[in-house]
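The residues making up each chain are set out below.
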Amino acid sequence: MKRRDFLKGSLQSGAAVLTGGALAPVTAEARPNLQPKEDAIGMLFDSTLCVGCKACVAKCKQVNDMPPVTESEIRAWDEARDLSGDTLNVIKTYKNGDGSTKDAENNGFAFEKRSCMHCVDPGCVSVCPVTALTQHEKTGIVSYNPDACIGCRNCMAGCPYNVPQFQYDKPFGQIMKCQMCNQKGVERIDNGLLTGCSEVCPTGATLFGTRKALLAEAKRRMELKPGDTYTYPRGDVSNPGSYHDKRVPTYKQHIWGETEAGGTNVMHISAISFDKLGLPPLGERSACSVAEGVQHSLYSYLALPAVLMAGLSYVVKRNTDEEGEGS
Amino acid sequence: MSAHEKAGGRIFTLPFMILSVIAAIGVYFIIQRFVYGMGAVANINGGFPWGIWVVYDVVIGTGLACGGYALAFTVYVFNKGQYHPLVRPALLASLLGYALGGFGAFFDMGRWWQFYNIFLPWNWNFNSVMLEVGLCVALYIIVLIIEFSPAFLEKIGATGLLKALNKVLFLFIALGVVLPTMHQSSLGSLLIAMGYKVDPLWQTMQFQPLFAVVSALIMGFSIVIFEASLSHVRFGGKSETPLLGVLGKIAVGLMAVFVLVRLGVLAGQGKLGLMFAGDFSSAMFILEMALFIFPAFVLLSATKRHNGGALLIAAVSMLFAGSLYRFNAFLFTYNPGPGYSYFPSVPEIMVTLGIIAIEIMVYLIIVKTMPVLHRSEHA
């Protein structure tokens, strides 16, 4: 009788552990978003300045020693339509109606840069099982180490921008992504240079700098009166190589990357709403912070699994002894 | 004397030969994948990094291999010894499902030649759900081998080893419950970090691990019913229908939990209306719910529960329901944004079919040559 009660009790406590396990991730507080690093570096892309020349695409290929993508017989320029194992940076076109007016949502066109946003709270880094993706503690640059990578491609699924790209066409491929020209063997930032794309941009549409200085510049542009003339810098926002004067467009009052999913170090501003430019529907909360909260509430110190294991070992031992044989 | 016996009979039957042709085609394309790269065989792309090899072979395949998990709960935790005859065949199916799921994960790995990196502690990222899945599945395959090994030890007559193993087997049985609880729930947690890419009707965030583990148990119980019914038809022996009926009843309870909590969570997240949106996602959601609810109605009736045919239909519906839940969340309604779409290529499908064929072939060989099925005279 007593033993029955004891068994019943241990069964109930086992059920309690299971229920606790089910409820732990629901009730646990997810960690807050990671915060921008003090000296994070990044880029500001101003879509209204981009003329679609793709000098940045060509320079990126040169710096990273990657072949141009050619689709047609023209072979005069890189025809990459999207990021791939051969392309880390691409200029995409927005076109509506007759496409006659630059930066108009209706009957207009605009250009949009697509490259790694170097998230403040990067999903790729969070989901990688083998720490092949890392965020630099000072610069915030998200880099990739092919020697650790197993090719599970969770980073691709975990990236809100579909940035990491696997080289599917190679038998021994790897993930390719923009590492802000600072990867081993390139190290442009460490050597005091700018990223390739911001160095060659003829209009300053891609601007290099610290996240702080770039955010200040973006906010300044939000305040400008449409139709006025503004002196736009080229190259490094804190130390521009040159300037040019241009009429101020009607900016959307939205700096993409200031807060989206914890923010990004590469930010965008535009006269066209960002959903039309193909940026994803993101809230302020980074999805990976929720995933980590769930994971840690279930597995911190393996406490829950250990309790479950101890309880089950006891119950199973009792039950198998009773039967007098194993499996 | 063992309570199990080999089924015997010819191995190279006509169905076996047909399966071996499918398997050979699959193996041919797996070799292509290794020689020319994944892009030569599969249609996965920048927006859909995971195709059917991950979603069917690993995510759904291991769910369908949860028979051992479900029965371990029933027999050893809730002490229902009368289910013992079902354990060994279920363990074999689980072992094969998981082993081939592991193989699927391996040939889907982009950098397979350094797969061992996930086992090196200095590489571990404890924030990663994938780390938990990878390590836990690998460990569980080993546990399944140990749990199934008595069949092999009996066959070769290693009684000493068998006795020693039986002394510590309870630890592995307990692990056989703990590990699937862990990684089956984590398979759901994988979806959390994918955020908006997972359709709102499936993106339940913190509730993902709960739905994943409950769907694993539903699939586990229904695969036991399915396999036991088929094997009764094929190999004869006493019908286990009364026993299976009770398993069906447990599955009904799990389905009630799954459906009610799911609807409750969607209501709480203000997304219930989306199921009536009339789009592809809402249609898939309603189909999925129908597949969950239909067997519940069948199995609520005691007469139908004890009717082998009705039971089998209910089990098949549950298997489709659990599989569709995972297919929907990971693939069918997955939307990485404009410019990306995915439909598996023929070679990609052939690889998956080949894996399934190999699984069935190995199951048949082992059942015919090793003491797996329960001895009919005192079942």
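The structure presented is a predicted model; accordingly, all values stated were derived computationally and were not measured. (Residues numbered from 1 in each chain as written. Chains lettered and ligands numbered in written order. Predicted model: local features only at pLDDT ≥ 70, side-chain atom pairs only at ≥ 80, totals over all residues.)

(A) Looking closely at the overall build of chain A. Counting its regular elements, chain A contains eight helices and twelve strands. Of the contacts made within chain A by residues no fewer than 6 positions apart, 63% connect residues no fewer than 24 positions apart. (Helix = DSSP H or I, 4+ residues; strand = E, 2+ residues; numbered from the N terminus. Contact = placed C-beta atoms within 7 Å.)

(B) Fine view of the nonpolar core. Residues and elements named next belong to chain B. Counting 211 residues, the largest nonpolar core has Val55, Leu71, Leu217, Ile218, Val224 and Ile225 as its most contacted members. If one sorts the elements of this core by residue count, helix H7 (residues 208-235) sits on top with 15 residues. Taken domain by domain, the makeup of this core includes at least three residues from each of domain 1 (1-190 + 347-374) and domain 2 (195-338). Those residues in contact with Leu217, other than ones at most four positions away along the chain, are Cys66, Ala70 and Leu254. (Core = buried A, V, L, I, M, F, W, Y, C linked by C-beta atoms within 7 Å. Buried ≥ 20, exposed ≤ 12 C-beta atoms within 10 Å, placed from the backbone. Domains from an automatic or database assignment.)

(C) Region of the structure containing the interface of chain A and chain B. Taken together, the 59 residues of chain A in the interface contact 61 residues of chain B. When residues of the side of chain A that touches chain B are traced back to their parent elements, those giving at least two are helix H1 (2-27), helix H3 (123-127), helix H4 (154-158), strand S7 (165-166), helix H7 (287-299) and helix H8 (303-323) of chain A. With eleven residues, the single largest contributor to the side of chain A that touches chain B is H8 of chain A. Counted by class, the side of chain A that touches chain B contains 33 nonpolar, 19 polar and seven charged residues. (Nonpolar A, V, L, I, M, F, W, Y, C, P; charged D, E, K, R; others polar.)

(D) View of the sheet that holds strand S4 (residues 108-114) of chain A. The sheet built from three strands is open, its strands ordered S2-S4-S3 (chain A) with mixed pairing. A single partner strand is all that each edge strand has here, and the edge strands are strand S2 (90-95) and strand S3 (101-102) of chain A. (Pairing = 2+ DSSP bridges.)

(E) Structural detail: the environment of Phe16 of chain B. Residues and elements named next belong to chain B. Tracing the chain through its elements places Phe16 in helix H1 (residues 14-36). On the neighbour-count criterion, Phe16 (16 C-beta atoms within 10 Å) is partly exposed. Placed 121 residues apart in sequence, Phe16 and Val137 show a C-alpha to C-alpha distance of 29 Å. Not counting residues up to four positions away in its chain, the partners in contact with Phe16 are Ile11, Met361 and Leu364.

(F) Representation of unusual backbone geometry. Residue and element names in this part refer to chain A. We note that Asp65 has phi near 55°; this positive angle belongs to a residue other than glycine. In this fold, Asp65 is placed in the loop between helix H2 (55-64) and S2. Of note in the backbone geometry, Asn107 takes a positive phi value of approximately 50° without being a glycine. With respect to the secondary-structure elements, Asn107 resides in the loop between S3 and S4. A residue is classified by how many C-beta atoms lie within 10 Å of it, and Asn107, with 12 of them, is exposed.

(G) Broad picture of the domain arrangement of chain B. Residues and elements named next belong to chain B. Domains assigned within chain B are domain 1 (1-190 + 347-374) and domain 2 (195-338). Each partner contributes to the interface: domain 1 provides 31 residues, whereas domain 2 provides 29 residues. When contributions to the side of domain 1 that touches domain 2 are tallied by element, the ones reaching two or more residues are helix H2 (52-64), helix H3 (67-77), helix H4 (84-108), helix H6 (159-189) and strand S2 (373-374). No other element matches the eight residues that H6 contributes to the side of domain 1 that touches domain 2.

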